Amino acid sequence: AEKIKIYEGKEQIIVSGFFFEDEWLWTVGANNKIYKSKDMSKWDLVGSFPGTYKLSKYFTAKGDVLVKHGDLISVRMDFENGLLISNDGGKSWFEKFPGKTVNDQTLDYCGRLYVALDPTFDYKLPYNGLFMSSDSGKNFSHFVNYSEIHKVDITDLEVAGDMLYAATFSGGLWRTKLNSCN
């Protein structure tokens, strides 16, 4: 295995998450900056998000920290800090789910964003806190394609083809067929 190092000047950047889109590797550093690279030897600074939001330097939580589709970039913040979302390629940012812990997030082939919130910290959440946005993160609705899964904690989300898969804490693996992109 080869360790990939990212530098800004002489400072090595601690990476908290990454995402592949086409031939680009996108990564987010604990310095609140987003970088991209084609060959992992030269890294381009894409942008940054406000310093009032912090990623943990030792990110131990489960799930994807960074997801991207077109101009939509979603960054999962540290414990109980929700998401920071940009729908203009990183020029501006807005919060979603402040004060909540996001277990995982994923995107489907249409660019719809799926988010699993940790219900153990907020008993007011309806069911397990699985939400979907089809408008670049501006609005979210409760995703109700599952039946019994509402009783368990979702720990991991993945999309493969036209299926959304959800792994749960002691509740098994679930899947559902996604709607077309219309």
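Coordinates for the structure precede this section.
Structural notes, computed from the coordinates. Quick caveat: nothing in here was measured; it's all calculated off a predicted structure.

1. What to know about the overall build of the chain
In step 1: Looking only at helices and strands, the chain features zero helices and 17 strands.
In step 2: Taking all 182 residues of the chain together, 45% fall into the buried category.
In step 3: Long-range contacts, defined as pairs at least 24 residues apart, comprise 36% of the intrachain contacts of the chain with a sequence gap of at least 6.
In step 4: Only carbon and sulfur atoms are counted for the fraction: they give 51% of the accessible area of the chain, which is about 9,800 Å².

2. Digging into the side chain of Ser74
In step 1: Of note, Ser74 is situated in strand S8 (residues 72-76).
In step 2: The exposure class of Ser74 is buried, given its relative accessible area of 0%.
In step 3: A distance of 2.5 Å separates the side chain of Ser74 from the side chain of Gln105, its partner in a polar contact.
In step 4: Residues contacting Ser74, with those up to four places away along its chain left out, are Val65, Leu66, Val67, Leu83, Leu84, Ile85, Gln105 and Leu113.

3. Brief notes about unusual backbone geometry
The phi torsion of most residues other than glycine is negative, and most of the peptide bonds are trans.
In step 1: Even without glycine at this site, Met40 takes up a positive phi of about 65°.
In step 2: Structurally, the position occupied by Met40 is in the loop between strand S5 (33-37) and strand S6 (44-48).
In step 3: The class for Met40 is partly exposed, based on a relative accessible area of 31%.
In step 4: In this structure, Phe97 takes a positive phi of about 60° despite not being glycine.
In step 5: For Phe97, the position within the fold is in the loop between strand S10 (94-96) and strand S11 (102-107).

4. Structural notes on the sheet that holds S5
In step 1: An order of S3-S4-S5-S6 is seen for the four strands of this open sheet, with the pairing classed as antiparallel. The two strands at the open ends of the sheet, each matched to only one other strand, are strand S3 (15-21) and S6. Taken pair by pair, the neighbouring strands of this sheet meet at an average axis angle of 25°, ignoring direction.
In step 2: Sheet analysis places S3 next to strand S4 (residues 24-29), joined by six bridges and oriented antiparallel. Counterpart to Gly17 in the pairing with S4 is Val28.

5. Quick word on the sheet that holds strand S16 (residues 163-169)
Backbone hydrogen bonds are what pair the strands of a sheet, in a parallel or an antiparallel way.
In step 1: Pairing is antiparallel across the open sheet formed by three strands, whose spatial order is S15-S16-S17. Each having just a single partner strand, strand S15 (153-160) and strand S17 (173-177) make up the two edges of the open sheet. With strand direction ignored, the average angle separating the axes of adjacent strands in the sheet is 20°.
In step 2: Two strands pair when backbone bridges link them, and S16 and S17 are joined in this way by five bridges, in the antiparallel orientation. Its bridge partner lying in S17, Ala167 is registered against Leu173.

6. A look at the pairing of S15
In step 1: Summarising the sheet, S15 and S16 pair through seven bridges and their orientation is antiparallel. From the neighbouring strand, Asp153 faces S16, where its bridge partner is Phe169.
In step 2: Following S15, the chain reverses through two residues before pairing antiparallel with S16; Gly161 in that reversal takes a positive phi of roughly 60°.

7. Description of the side chain of Asp108
In step 1: Mapping Asp108 onto the fold places it in the loop between S11 and strand S12 (113-117).
In step 2: Residue Asp108 is classed as buried on the basis of its relative accessible area, which comes to 4%.
In step 3: A polar side-chain atom of Asp108 sits 2.5 Å from a polar atom in the side chain of Arg112.
In step 4: Other than its neighbours up to four places away in sequence, Asp108 contacts His69, Tyr114, Val159 and Leu178.

Conventions adopted
Residues numbered from 1 in each chain as written. Predicted model: local features only at pLDDT ≥ 70, side-chain atom pairs only at ≥ 80, totals over all residues. Heavy atoms only, no water. Helix = DSSP H or I, 4+ residues; strand = E, 2+ residues; numbered from the N terminus. Buried < 20%, exposed > 50% of the residue type's maximum accessible area, 1.4 Å probe, protein only. Contact = heavy atoms within 4.5 Å. Areas by Shrake-Rupley, 256 points an atom, 1.4 Å probe, with all protein chains shown as cover. Polar contact = N/O pair within 3.5 Å; in protein donor to acceptor, adjacent residues only side chain to side chain. Pairing = 2+ DSSP bridges. Axes fitted to C-alpha atoms, helices over the stretch in contact; angles between N-to-C directions.

Function cannot be read off these values alone, since they describe shape.
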